[in-house]
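Each chain, letter by letter, is given below.
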Amino acid sequence: IVRHGSGDACIVLNVGGTEFTTLRSTVAANPVLSDHVARAEANHEMLSSAKGGKLDAVFIDRDAKHFSFILQYLRNHVELQNSGLPSSQLSCSPSDAALGS
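Residues numbered from 1 in each chain as written. Predicted model: local features only at pLDDT ≥ 70, side-chain atom pairs only at ≥ 80, totals over all residues. Heavy atoms only, no water.

This next bit is on the pattern of salt bridges. Inspection of every chain in the model, using the stated rule, returns 2 salt bridges. The salt bridge involving Arg24 is made with Glu41; its shortest N-O contact spans 2.6 Å. Placement of Arg24 in helix 1 (residues 24-28) and of Glu41 in helix 2 (residues 31-42) is noted, with a sequence separation of 17 residues between them. Ionic pairing is found between Arg39 and Asp35, a salt bridge with its closest N-O pair at 2.9 Å. Within this pair, Arg39 and its partner Asp35 are both found in helix 2, separated by 4 residues, close to a single helical turn. Asp35 sits in the partly exposed class, given a relative accessible area of 41%. (Salt bridge = Lys/Arg side-chain N within 4 Å of Asp/Glu carboxyl O. Helix = DSSP H or I, 4+ residues; strand = E, 2+ residues; numbered from the N terminus. Buried < 20%, exposed > 50% of the residue type's maximum accessible area, 1.4 Å probe, protein only.)

Next up, the structure:
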């Protein structure tokens, strides 16, 4: 998906009860996250968005505390080591933090 291209659109991710709105191209930047979203949509495992919009949310069973940093990395390729997070909280890669094992 090309960022802001014809196939791009907004998507709502409900991460541990916190909603994040991003572009599908951002989700597509991570194969694990992209696969999870595709499976959830195919199986109609969607939640109603609390934001009252027309978008449904894909639920991700993870702590939302650092998810904004993961999205920042996927959007801008900003290294998490330079994000201001303590190194003790950077114990896994963005793909692992998103949904990996």
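In terms of nonpolar packing, the biggest core is built from 15 residues, with Leu13, Val15, Leu33 and Phe67 touching the most fellow members. Among the secondary structure elements, those contributing two or more residues to this core are strand 1 (10-15), helix 2, strand 4 (56-60) and helix 3 (67-76). Looking at this core, the element that brings in the most residues is helix 3, giving 4 residues. Beyond its immediate chain neighbours, meaning those up to four positions away, Phe67 contacts Leu13, Val15, Phe20, Leu33 and Ile60. (Core = buried A, V, L, I, M, F, W, Y, C linked by side-chain atoms within 4.5 Å. Contact = heavy atoms within 4.5 Å.)

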